[in-house]
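Residue-level structural notes
Residue strings, one per chain:
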Amino acid sequence: MCLRVLQFPSGLVACVSDSYDIWNACERYWGEELKVEVIKRGKQGTLVIRPDSGDPPTVVVKVLDILGKCFGTTPNSKGYKLLPPYVRILQGDGIRYESLEGILEAVKNARWSADNIAFGSGGGLLQRLDRDTQKCAFKCCYAEVQGKGVNVYKDPVTDKGKVSKKGRLTLEYEKGKFTTVQDGKGDPAKDLLVTVFENGKLVKDYTFDEVRENAEIPRVKQKRVAKASV
């Protein structure tokens, strides 16, 4: 978080802040330890804090309340509270046409101005059959810092369903089932994972037909093979 603010001292910068504890991040880190830096860069830009899990109406209002206590507020022309112009919120989780009304109603009832918030939407713009259906996401799980291995993972207090896998991973197949073994506890000899990108270079290329073949459900594949043999 500190690196993000220092690396981009001006302009608009957004930071997902719910990786572990969104409340602690807003109150302790943004509102205390990095408060001076946030205010300082306010002359040239805005910090946009992203809560990204939990019940959107509840989370948005609570984040606003915490930031209001830390950075202060001013009333707009209609009496609703505004954060200082150098700090705002971006809510992108759980956003679809139907959910916006509930979030904005909660914000209004808490006497906050809608000017404090921007909304973004990805899967919510589709037919609700998306990566969230199977909880599929690509996330960093391991890093080496000054030669020391560090597990990297997400574990939001607002949604334990978003806990990500951590440490060195292996994908192993036993008894007809794929299992991801975490924290470096897997057997490298059984690992089915293939390096595709390494140090910015593509080392393994797949055709679209190969991707479809690998992703196909076994039962569907069996029916297709049986149909072709008739």
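These remarks concern the structure in this document. All values reported here derive from a predicted model rather than from experimental measurement. Counting restarts for each chain, with residues numbered from 1 along the sequence as it is written. Side-chain atom pairs in this predicted model are given and counted only at pLDDT of 80 or more, local residue features only at pLDDT of at least 70, and totals for whole chains, interfaces and linings cover all residues. Calculated side-chain values reflect all of the structure's heavy atoms, with hydrogen atoms and water omitted.

**Considerations on the packing of helix H2 (residues 22-33) against helix H4 (residues 56-71)**
Formally: Axis lines are fitted to C-alpha atoms, over the contacting stretch for helices. Their N-to-C directions set the angle, which ranges from 0 to 180 degrees. Starting at the N terminus, helices and strands are each numbered in turn, a helix being any DSSP run of H or I of at least four residues and a strand any DSSP run of E of at least two. What sets the label is the angle itself: under 35 degrees gives roughly parallel, over 145 gives roughly antiparallel, 65 to 115 gives roughly perpendicular, and the rest give oblique. Left-handed is the label given to a crossing in which the near helix is rotated counterclockwise from the far helix by less than a right angle, and right-handed is the label when the rotation is clockwise. Residue contacts are counted whenever heavy atoms from the two residues lie within 4.5 Å of one another. Any residue that is not Ala, Val, Leu, Ile, Met, Phe, Trp, Tyr, Cys, Pro, Asp, Glu, Lys or Arg is counted as polar, Gly included; the first ten are nonpolar and the last four charged.
Put simply, H2 and H4 touch, their axes get as near as 10 Å, and they point 20° apart. It follows that H2 is roughly parallel to H4 by the angle criterion. Here H2 and H4 pass one another in a crossing that is right-handed. Contact with H2, carried on its side by Ile22, Trp23, Cys26, Glu27, Trp30 and Gly31, involves Val59, Lys62, Val63, Ile66, Leu67, Cys70 and Phe71 of H4 and no other residues of that element. Grouping the constituent residues of the contact of H2 with H4 by class yields ten nonpolar, one polar and two charged.

**With respect to H4**
Let me state the cut-off plainly: Expected helix span is computed as 1.5 Å times (number of residues minus one).
In a regular helix each residue adds 1.5 Å, so 16 residues correspond to 22 Å; H4 covers 22 Å between its end C-alpha atoms and thus fits that length. Where the residues of H4 are buried, they touch H2, helix H3 (35-40), strand S2 (45-50), strand S5 (87-91), helix H5 (97-109) and strand S6 (117-119). Within two residues after H4, glycine 72 carries a phi angle of roughly 85°, on the positive side.

**Re the pattern of salt bridges**
As a reminder, the rule being used: One speaks of a salt bridge when a side-chain nitrogen belonging to Lys or Arg is within 4 Å of a carboxyl oxygen belonging to Asp or Glu. The buried label goes to any residue with under 20% of its type's maximum accessible area, the exposed label to any with over 50%, and the partly exposed label to all in between, with areas taken from a 1.4 Å probe on protein chains only.
Under the defined criterion, the tally for this structure stands at ten salt bridges. As a salt-bridge pair, lysine 162 and aspartate 93 come within 2.9 Å of each other at their nearest N and O atoms. Residue lysine 162 is found in the loop between strand S8 (148-151) and strand S9 (170-174), and its partner aspartate 93 is found in the loop between S5 and H5; the two are separated by 69 residues along the sequence. Of the residues examined, lysine 162 reaches a relative accessible area of 23% and is grouped as partly exposed. The exposure class of aspartate 93 is buried, given its relative accessible area of 16%. Across the salt bridge formed by lysine 160 and aspartate 155, the nearest N and O atoms sit 2.9 Å from each other. According to the relative accessible area criterion, aspartate 155 is partly exposed, its value standing at 23%. Salt bridges linked by common partners bring Asp18, Arg50, Asp52 and Lys154 together as one network.

**Comments concerning the sheet that holds strand S1 (residues 11-16)**
Formally: Strand pairing is defined by DSSP finding a minimum of two bridges between the two strands.
Ordered by their spatial adjacency, four strands build an open sheet running S1-S2-S5-S6, and the pairing between neighbours is parallel. Each edge of the open sheet carries a strand with a single partner, namely S1 and S6. In this sheet, neighbouring strand axes are inclined to one another by 30° on average, regardless of whether the strands run parallel or antiparallel. When S5 meets S6, the two strands line up parallel, connected through three bridges. Within the sheet, the bridge partner assigned to leucine 90 lies in S6 and is alanine 118.

**Structural notes on unusual backbone geometry**
A positive phi is found at glutamine 146, a non-glycine position, where the angle reads about 55°. Mapping glutamine 146 onto the fold places it in the loop between strand S7 (142-145) and S8. Classification of glutamine 146 by relative accessible area gives exposed; the value is 84%. A positive phi angle, close to 55°, is found at asparagine 199, a residue other than glycine. Looking at where asparagine 199 falls in the secondary structure, it is placed in the loop between strand S11 (197-198) and strand S12 (201-202).

**Quick look at the packing of aromatic side chains**
Here is the rule: By convention, a stacked pair of Phe, Tyr or Trp rings (six-membered ring in the case of Trp) has centres within 6.5 Å and planes under 30 degrees apart, an edge-to-face pair has planes over 60 apart, and any other such pair is tilted. Distance and angle both matter: a charge sits over a ring if NZ of Lys or CZ of Arg is within 6 Å of the ring centre and within 35 degrees of the ring normal.
Inspection of every chain in the model, using the stated rule, returns three aromatic pairs. Ring centres of tyrosine 173 and phenylalanine 178 lie 4.6 Å apart, and the angle between their planes is 55°; this geometry places the pair in the tilted category. On the basis of relative accessibility, which here comes to 53%, the residue phenylalanine 178 falls in the exposed class. Just above the ring of tryptophan 23 sits the side chain of lysine 62; from NZ or CZ to the centre is 4.2 Å. Lysine 166 extends its terminal NZ or CZ atom over the ring of tyrosine 153, reaching a point 4.7 Å from the ring centre.

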